[in-house]
Amino acid sequence: MVVQSDNALMKIALESAWAYQGLTFPNPAVGAVLSDDNGNIISVGAHKAAGFPHAEVETLKSAYIKLTGDKRLEKIQNSADIHAFLSSHHNGVFSQLSLHVTLEPCHHHGKTPPCSQLIKMLGIKKVVIGSRDLSVHAQGGGAFLESNGVKVVWDCLRNECDELLSPFLAWQNHQPFIFFKLALSKNGVASGGIITSEASRTMVHHLRDKCDLLVIGGNTVRTDRPLLDARLCDGSAPDVLIYSRQNDFDVSIPLFNVKNRKVLIENSLKKLQQYKMIMIEGGQEMIKSVENSVQWYLVFTSPHFKEGNKVTLPSHLREVFFQKIGEDTMTWYKKDA
Ligand SMILES: NC(=O)c1ccc[n+]([C@@H]2O[C@H](COP(=O)([O-])OP(=O)(O)OC[C@H]3O[C@@H](n4cnc5c(N)ncnc54)[C@H](OP(=O)(O)O)[C@@H]3O)[C@@H](O)[C@H]2O)c1
């Protein structure tokens with residue numbers, strides 16, 4: 001049975017995962033918390049990118065270093081090597097601890113070994129699971145742990161944990177995950193050049209690196225003459241779809257001259273269905289034009305004022321996650337209606 005303290009710990013696991021939302025694509029964002037019997041948190045971890053250690057492994061790694069003072073594990077980054085190290089060095093330090101994880105631990109050999117085996121081997125006492133893993137290849141971790149004597153609690157903050165999986169579930173269902181990214185000044189202005197700090201812009205570039213399509217309006221292309229690449233993180237630039245009623249653009253605009261990039265000019269959004277992870281950037285008219293195709297909004301807000309018109313966001317936006325990023329804030333919203 002899920003108890004109040006499980007919800008509190010799962011909320012922390014959720015927060016740690018949301019900080020990497022989009023960056024783990026096409027893997028799910030996942031967070032985990034390891035705690036003792038009194039609810040004291042030993043460590044918190046998140047899955048940071050596809051091919052990187054799963055959230056459980058990050059959490060167990062930090063806990064091991066904290067509990068034993070053995071710093072040899074700090075240098076080990078590869079998931080299989082962390083599994084091997086923990087398996088042979090744990091010395092029972094995990095046996096009285098509980099793990100709260102937003103997604104059922106995986107039970108298959110993918111890019112990383114199965115978390116279910118590691119959790120069992122370390123003797124974790126209780127595992128609290130948010131979302132159930134429904135993927136054909138990875139499911140079964142919870143049942144495996146139960147059958148090996150681990151106490152498993154299911155469905156803790158299940159709705160919130162399922163919501164965290166939105167991009168991953170879209171990918172599994174062969175549908176695009178579409179979000180609108182917006183940078184705003186403190187007084188809600190979205191136009192007039194750079195608005196947010198380098199930390200926010202670097203995060204946007206990391207997200208562009210994971211996207212296969214960036215949608216931009218014709219007016220922004222003409223006004224800003226943008227490059228729209230991922231240079232701040234040395235990432236790869238996504239293809240660009242210019243949403244416009246006109247066909248003719250000045251091809252000396254930098255976005256047209258990025259290597260290995262396709263630029264489409266379209267007067268409809270139909271082609272979005274051919275892509276997997278799509279970021280839309282734009283101003284007030286763009287917000288209105290794509291409102292029916294967008295459910296997720298990622299808003300970066302600067303602490304500085306700017307002259308210009310205040311942007312109006314769609315109504316019924318619910319704040320799902322909020323964090324500081326550099327001097328700015330970063331908020332994920334979901335449109336509920
Ligand atoms: N703060 C931010 O995150 C951010 C990001 C990007 C841009 N901006 C700013 O936003 C301002 C521009 O905003 P905006 O909303 O006016 O322009 P926009 O982002 O370019 O979006 C509007 C454009 O979308 C196209 N469009 C709209 N409805 C359409 C339809 N039914 N069919 C085809 N195309 C359609 C039109 O392009 P055509 O006119 O070519 O037909 C229109 O100019 C600029 O100042 C820019 O700097 C801010």
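What you are looking at is a predicted structure, and each value in this text was computed from that prediction instead of being measured.

K.L.:
Provide a residue-level description of the packing of helix α2 (residues 55–68) against helix α3 (residues 79–89), including the pertinent values.
P.N.:
The geometry of α2 relative to α3 is characterised by a closest axis approach of 11 Å and an angle of 45° between their N-to-C directions. Relative to α3, the element α2 is oriented oblique. For the element pair α2 and α3, the recorded crossing hand is left-handed. On the side of α2, the interface is formed by Val 57, Leu 60, Lys 61 and Tyr 64, while α3 contributes Ser 79, Ile 82, His 83, Phe 85, Leu 86 and His 89.

K.L.:
Break down the domain arrangement of the chain for me, with residues and values.
P.N.:
Its domain assignment divides the chain into domain 1 (4–167) and domain 2 (177–335). Facing ten residues of domain 1, the contacting portion of domain 2 comprises 14 residues. For the pair domain 1 and domain 2, the two sides together bury roughly 1,200 Å², of which 71% comes from carbon and sulfur. On the surface where domain 1 and domain 2 come into contact, there are two salt bridges. Scanning the region where domain 1 abuts domain 2 turns up one residue pair in polar contact (both at pLDDT 80 or more). Those elements that place two or more of their residues in the side of domain 1 that touches domain 2 are α1 (4–18) and α7 (166–172). Partitioning the side of domain 1 that touches domain 2 into residue classes produces five nonpolar, three polar and two charged.

K.L.:
A description of the nonpolar core should follow, citing residues and the corresponding values.
P.N.:
In terms of nonpolar packing, the biggest core is built from 35 residues, with Leu 34, Leu 60, Leu 73, Leu 86, Phe 94, Ile 124 and Val 127 touching the most fellow members. Broken down by secondary-structure element, the contributors of at least two residues to this core are β1 (31–35), α2, α3, β3 (98–103), α4 (115–122), β4 (126–131) and α5 (141–147). In terms of residue count, α2 provides more of this core than any other element does, six residues in total. If near-sequence neighbours (up to four positions away) are discounted, Leu 86 is found in contact with Leu 60, Lys 61, Tyr 64, Leu 73, Phe 94, Leu 118 and Leu 122. If you look at the next biggest cluster of nonpolar residues, it comprises 34 residues, including Leu 9, Val 33, Cys 211 and Ile 325.

Criteria and cut-off values
- Residues numbered from 1 in each chain as written.
- Predicted model: local features only at pLDDT ≥ 70, side-chain atom pairs only at ≥ 80, totals over all residues.
- Heavy atoms only, no water.
- Axes fitted to C-alpha atoms, helices over the stretch in contact; angles between N-to-C directions.
- Helix = DSSP H or I, 4+ residues; strand = E, 2+ residues; numbered from the N terminus.
- Parallel < 35°, antiparallel > 145°, perpendicular 65-115°, else oblique.
- Left-handed = near helix turned anticlockwise from the far one by under 90°.
- Contact = heavy atoms within 4.5 Å.
- Domains from an automatic or database assignment.
- Buried area = accessible area lost by both parts, 1.4 Å probe.
- Salt bridge = Lys/Arg side-chain N within 4 Å of Asp/Glu carboxyl O.
- Polar contact = N/O pair within 3.5 Å; in protein donor to acceptor, adjacent residues only side chain to side chain.
- Nonpolar A, V, L, I, M, F, W, Y, C, P; charged D, E, K, R; others polar.
- Core = buried A, V, L, I, M, F, W, Y, C linked by side-chain atoms within 4.5 Å.
- Buried < 20%, exposed > 50% of the residue type's maximum accessible area, 1.4 Å probe, protein only.

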